[in-house]
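The residues making up each chain are set out below.
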Amino acid sequence: MEGKMCEEEMEERTVNKEEEMEERTKGETEILNSRNEPPEESQKESHGVQRELAEDRAKKTMRVPDGGWGWMVAFGAFLSSVLVLGQSFTFGILFSQYLLSEGVSSTTTCWIFSISLMMTHFMMVLVGPLTKEFGIRTVGYFGTTICVIAMFLSTFTPSPEFLYVTYSLLGGVGPGLVASVCYTVVAPYFDKKRGRANTLLVAGSPVAQIVMMPLLRYLLDQYSFRGAALVYSGVLMHTYIGVTFFHPLKWHLKPSEDKAQEKLQPHYGQEEISGHPHSENSSVSSSSLHGVGDDDGNEGNDFVKVGTDGDGGGDGQTCGVVRRLFNTFVRVGRSIITNFKLYRSLRVCIIAISFGLSSASFLNFIMLAPFSMQASGHSLQNAAWCLSAMGIVNLLSRFVVSPLADWKEFDIRICMMLGYFLKAIAAVGFALSDRLGFLALWTVLFGIGLGSTISLQILVIVSYMGMELLPATYGIAGITTAICFPIAGPLIGLVRDLTQNYEPSMYFIGSMDLVSAAMWIFMPAAVAWDNATNKCKQTSDTNQQQMDP
């Protein structure tokens, strides 16, 4: 019995040793295979990590072109803004005779115009998130298409009320998308030459006044209202050419000369808005700006490989598209909600409100001036030439003021204040004048003040908020401006209808510019307040972290 037990124990030990040897051999084989021939997933992870490291190193050693293709981008923005902004500037010239012949009141006219401007500026808050999702050129092409459709449909308007749909709604969405893309795509391409590049960008608005108004006046004489609107809808199609120049920034980055990448910081408010995801200062070469760094090859990437969802059939693809579309809208909505946190900053409030009041005064002045001059006995042709002269000095002012922003001694705040004040004085002087020469003089002075302020809008945002917050702050300013238009415009028209005189309406326009000028007096205090608030919040967060176990 004992011999049998010993034999069984020996057999069990032998089996156990064999099993241990087999397991050890398998383990060694797996280790060798993992060293010599890694599995496909391990290879993918390794390549992914290496690619990310390479991209990070490349970003740290790249800089913006500060010229080069950036000048083509600036030219594309100039061309696009000339075409699409003409829709707003030429409203009084293109539609005044038609609306007067239909007996439309000034209040209704202002509502048509104000709703269009409101929609235009509402689009500004959407452009940043949309370009991040779909790419800068996709949004530009889509906006251009809406511009063309809106003007084409306005050609066949059966009644003034139909313009609420074609000109006010559609005609506001399209220019809003295109103009916002133009005003945010140029600045990231430049550093030391940003002021000069901005000159080409902001020249589009006055050139639209200079060129489009006489052009439409000629078209009205030759082809009447419907023919002129139809030709203009074809002219708008040239905006596609300008948008095509908007290459993603990453295509044109250059090797950095300095090892240490220079970071962009606000010139006046050194601390950013706490709690905002883009509040950290970063290098210009990063692609964090909404849409600027997106590669066209990746545009619409949420809708690529849709067939991987479901079973690959039609139902699976449809569900995949719907789910990705829903996720895209969710991300856009979250980004918009996050940007609204910028209203906590007094700097942003001053920038946004002053931009809104000034834009409402400027565009309502251009819209109301032809009606006012015709009521004084002057012809529509004289009104068109006065507004064209205003556009010429507006353009010249931008050529002078915008490059001055590259000068270190230039005080951008003082220039904004003086420009707003000059616009207010010109609006009051226009209301008190009857002679054509004086009317032309006041429109010229209004153009000088306008050029001095609008040419600095993008630069003042970069100076006070930083490059990272440019799209978000620009969107907040657009929302504020959009709210100003349906309030200020109808009030201006109502004042005119109640008094049967355009003079009080011009006083109202001048008062909005005076308020804008007064707000910029308090900008240094706003900067100090924001900095103190951020320091208190940082101190509170630090103390809270120390108290937590």
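Structure: above.
Computed from a predicted structure; not experimentally measured.

Caption draft 1: Spotlight on the overall build of the chain. The number of helices and strands found in the chain is 20 helices and 2 strands. Taking the intrachain contacts of the chain between residues at least 6 apart in sequence as the baseline, contacts between residues at least 24 apart amount to 86%. For the chain, the accessible area works out to roughly 25,600 Å², and carbon and sulfur atoms hold 61% of it.

Caption draft 2: Quick look at unusual backbone geometry. Not every positive phi belongs to a glycine, and serine 224 is a case in point at roughly 70°. By secondary structure assignment, the location of serine 224 is in helix α10 (residues 204-235).

Caption draft 3: Up close: the pattern of salt bridges. Considering all chains together, one arrives at 3 salt bridges under this definition. The partner of arginine 217 in a salt bridge is aspartate 221, with the nearest N and O atoms 2.8 Å apart. Remark: aspartate 221 and arginine 217 occur in helix α10; sequence separation between them is 4 residues, near one turn of the helix. Lysine 423 is the partner of aspartate 513 in a salt bridge, and the nearest nitrogen-oxygen pair spans 3.2 Å. Of this pair, aspartate 513 sits in helix α19 (residues 503-519) while lysine 423 sits in helix α15 (residues 412-431), and the two are 90 residues apart along the sequence.

Caption draft 4: Geometry of the side chain of threonine 481. Here threonine 481 shows up in helix α18 (residues 470-499). Polar contacts involving the side chain of threonine 481 include one to the main-chain carbonyl oxygen of alanine 477, which spans 2.7 Å. Residues within four places of threonine 481 in sequence aside, it is in contact with His121, Phe355, Gly356 and Ser359.

Caption draft 5: Examining the packing of aromatic side chains more closely. Under the definition given, this model contains 11 aromatic pairs. Ring plane angle 65° and centroid distance 5.2 Å describe the contact between phenylalanine 95 and tyrosine 167, whose orientation is recorded as edge-to-face. Here the residue phenylalanine 95 occupies a position in helix α4 (residues 91-101), and tyrosine 167 occupies one in helix α8 (residues 163-185), the gap between them amounting to 72 residues. Tyrosine 167 shares its class with phenylalanine 95; the two are buried. Taken together, the ring pairs in this structure connect Phe95, Tyr98, Tyr167 and Phe225 into an aromatic cluster. In this structure, arginine 496 is placed above the aromatic ring of tyrosine 502, and the distance from its NZ or CZ to the ring centre is 4.5 Å.

Cut-off values and rules
- Residues numbered from 1 in each chain as written.
- Predicted model: local features only at pLDDT ≥ 70, side-chain atom pairs only at ≥ 80, totals over all residues.
- Heavy atoms only, no water.
- Helix = DSSP H or I, 4+ residues; strand = E, 2+ residues; numbered from the N terminus.
- Contact = heavy atoms within 4.5 Å.
- Areas by Shrake-Rupley, 256 points an atom, 1.4 Å probe, with all protein chains shown as cover.
- Salt bridge = Lys/Arg side-chain N within 4 Å of Asp/Glu carboxyl O.
- Polar contact = N/O pair within 3.5 Å; in protein donor to acceptor, adjacent residues only side chain to side chain.
- Phe/Tyr/Trp six-rings, centres within 6.5 Å; stacked < 30°, edge-to-face > 60°.
- Buried < 20%, exposed > 50% of the residue type's maximum accessible area, 1.4 Å probe, protein only.
- Lys NZ or Arg CZ within 6 Å of the ring centre and 35° of its normal.

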